[in-house]
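Descriptive analysis of the structure
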Amino acid sequence: MIQSYIIYNTTTGEIIRTGFAPADQIAAQAGPGETAVPGVTANDVSDRWDLATGSPVSKDPLPGAALFAVPADGTTTVDFPGLPNPATVTVTGPVSDSFTVTDGSLSLTFDTPGSYKVEINAFPYANKEIEIIAT
Amino acid sequence: MPAVDVSIQRPKIDDPALARTIAQITELLESLNGARRGRELDRVVTLRDLAGDTEAASIITSAGGVAGSLPSTIVSGGADKTPPAQLSNLTVASAAINNILSWDGTSLIPNYSYTEIWRASSDNLSLAVLHGTTTAEVFADDVGKGAVTYYYWVRAVSTAGIPGPYNATAGTSGTTGQVLNGDIADVAIDTAKIADLAVVTAKIANAAITNAKIANLAVDTAKIADLAVSSAKIANLAVGSAQIADAAIQTAKIADLAVDTLKIKDQAVTVPVSASADGALSLSSTVDTNIISASLDPSSSPVNLAISFVASVNGSDCNADAGPGYVEVRVVRGSTQIWPASGYATVLEAVCGSSAAPGQISGISLNIRDSSPAAGSNTYYVYARDGGQGGSVSFRSMVLSGVKK
């Protein structure tokens, strides 16, 4: 019998992947440091595994504004303090970039005008998309 | 014919009554003698008187002489014309094809000669015909077949040929072939007495035919009513594969969880395992990033891997950097690389122009066959890395299909 399953990080509760597999092969889906849970559906982007309750819950939103307007002068920063470590940042726009924040603080400057989309993926928060208008 | 001289000497009797009685006796004897008183025609005739007569002597001689007794009826000059008496007690006993008649009375008829047997098919004496004669008091009428009824009358005929009266006006009937149940001895009818095809259904009692009366292999399909065989009549393990029509077993006839692996033909079932993750993963140029993994136990059969993901690379200045950004992957089973044969396969590469290359994003789909998986569970990993210009993958998915039982 094919069952749904989720794999979460045993320590943090981050849902790493989900899928479907024969019931007797679900346990084998978990790698080192991972736990497999059969019969559960969730999404790794929007949900996390609540280690206290043993069930999937929605991720909390990352605090902060979702829209900024800054001058494209290369010096004015848009700051995102208090990020969890690590936090993956993807910037797409006239100039694209992606990087990982490991010190808990993100400051962005723009020297090319345009509209940018900044996506921050920082567990245990939900992915956050921010629009930055650089003029 | 000379008279007999009877002379009775009278004794002297003093008793007047006795003397009177004796006188009366004397008178009677003298009258019978005819010699002394009375008329001649009243005298008695003795055998001795008759012995002297020629005609009478002939009669006496035929009757055995004077020493014997004379016949009760002495006729002279012709036969006895007396009709015989009526016979009695006619009975008819019927057998299979015979009627046996018997009666009484012939021995009481002095001039009996024989008995006539008359027969009719109805109880009407006027329709009867003479069927036979006999001097006995029994007659066997050979009717010749069963279930035939006749009526009978009998009458005696004298030696002078004169018939007497019939035994009765009403006939006495007899019907052949009337064998009643009581006439048949228990266990008397054996198989040879029953004609072929003679026993019909109505002669067989309900529930009379036992199992022992049914020959082996005697009951064929036509003798079993439609829908007559219930499950209770089918022994455990009695139904073999040959008794089940092709395509006869439907899904509803299979219990939940009833079909186990051993009942499935080898290579008949595709066992899928899927894994997916939507979130974006940043790639590194120096460290392999496991972008998706899944495990499958295909029982050593080949495994098909369907891998898909969205890959993106950052824009780069082709003139300033070492080259265009790219994403490359490799697929590993455990610690054994299965695709490409070695190194990495580039699945996305930015296009360099005269100036900065724009970012590139592309959906990647890989279909790989692993022909020699190891025994037991096999874990497949998709590793990716970028060229150092920055790259990521998202919407990662892998479906493993093992052709198994």
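Just so we're clear, the structure is a prediction, and the values are computed from it rather than from any experiment.

What counts, and where the lines are drawn
Residues numbered from 1 in each chain as written. Chains lettered and ligands numbered in written order. Predicted model: local features only at pLDDT ≥ 70, side-chain atom pairs only at ≥ 80, totals over all residues. Helix = DSSP H or I, 4+ residues; strand = E, 2+ residues; numbered from the N terminus. Buried ≥ 20, exposed ≤ 12 C-beta atoms within 10 Å, placed from the backbone. Contact = placed C-beta atoms within 7 Å. Pairing = 2+ DSSP bridges. Axes fitted to C-alpha atoms, helices over the stretch in contact; angles between N-to-C directions. Nonpolar A, V, L, I, M, F, W, Y, C, P; charged D, E, K, R; others polar. Core = buried A, V, L, I, M, F, W, Y, C linked by C-beta atoms within 7 Å.

Here we take up the overall build of chain B. In terms of regular secondary structure, chain B is built from 3 helices and 19 strands. Counting every position in chain B, which comprises 405 residues, the buried fraction comes to 22%. A separation of at least 24 residues holds for 69% of the contacts in chain B among residues at least 6 apart in sequence.

Next up on the list: the environment of Lys-145 of chain B. All names here are of chain B. One can find Lys-145 in the loop between strand 5 (138-142) and strand 6 (149-158). For Lys-145, a count of 10 C-beta atoms within 10 Å puts it in the exposed group. On a C-alpha basis, the gap between Lys-145 and Ala-96 in space is 7.2 Å, while along the polypeptide they are 49 residues apart. Other than its neighbours up to four places away in sequence, Lys-145 contacts Ile-97 and Thr-176.

Residue and element names in this part refer to chain A. Strand order in the open sheet made by the 5 strands is 6-12-11-8-9, with mixed pairing throughout. Only two strands of the sheet have a single partner each, and these edge strands are strand 6 (67-70) and strand 9 (97-101). Between one strand and the next, the sheet's axes are offset by a mean angle of 20°, whatever the strand orientation. Of the pairings in the sheet, the one linking strand 8 (residues 87-92) to strand 9 comprises 5 bridges and is antiparallel in character. Opposite Thr-88, over in strand 9, you have Thr-100 as the bridge partner.

The next subject is the interface of chain B and chain A. Facing 23 residues of chain B, the contacting portion of chain A comprises 26 residues. Among the secondary structure elements, those contributing two or more residues to the side of chain B that touches chain A are strand 8 (269-277) and strand 10 (289-296) of chain B. Considering each element in turn, the side of chain B that touches chain A owes the most residues, 7 residues, to strand 8 of chain B. Counted by class, the side of chain B that touches chain A contains 9 nonpolar, 12 polar and 2 charged residues. Two elements, strand 2 (residues 15-22) of chain A and strand 8 of chain B, share 3 bridges in a ladder whose sense is antiparallel. Note on strand 8 of chain B: the bridge partner recorded for Gly-19 of chain A is Ala-275 of chain B.

Residue and element names in this part refer to chain B. Strand order in the open sheet formed by 3 strands is 1-2-5, with antiparallel pairing between adjacent strands. Of all the strands in the sheet, just strand 1 (88-94) and strand 5 have a single pairing partner and so form its edges. Between one strand axis and the next, the sheet turns by 15° as a mean value, whatever way the strands run. For strand 2 (residues 98-104) and strand 5, the ladder comprises 5 bridges, and the chain directions are antiparallel. Note that in strand 5 the partner of Leu-101 across the bridge is Phe-139.

To continue, consider the pairing of strand 1 of chain B. In terms of strand pairing, strand 1 of chain B meets strand 2 of chain B through 5 bridges, oriented antiparallel. Residue Val-92 of chain B lies in a different strand from strand 2 of chain B, and its bridge partner there is Leu-101 of chain B.

Below, the discussion takes up the pairing of strand 8 of chain A. Residue and element names in this part refer to chain A. The antiparallel hairpin formed by strand 8 and strand 9 contains 4 residues in its connecting segment. Bridging between strand 8 and strand 11 (residues 114-121) involves 5 bridges; their strand directions are antiparallel. Bridge pairing in strand 11 places Thr-90 opposite Glu-119.

Once that is clear, we can look at the nonpolar core. Counting residues in each nonpolar core, the largest one holds 38 residues, and the members touching the most others are Ala-294, Val-327, Val-382, Ala-384, Val-393, Met-398 and Leu-400 of chain B. For this core, the elements supplying multiple residues, two or more each, are strand 1 (2-9) and strand 2 of chain A together with strand 8, strand 10, strand 11 (303-313), strand 13 (326-333), strand 18 (378-386) and strand 19 (391-404) of chain B. Broken down by element, the residue count for this core peaks at 6 residues, all from strand 11 of chain B. Once you skip the residues sitting within four places of it in the chain, Val-382 of chain B turns out to touch Ile-291, Ile-292, Ile-307, Val-329, Val-331 and Met-398 of chain B.

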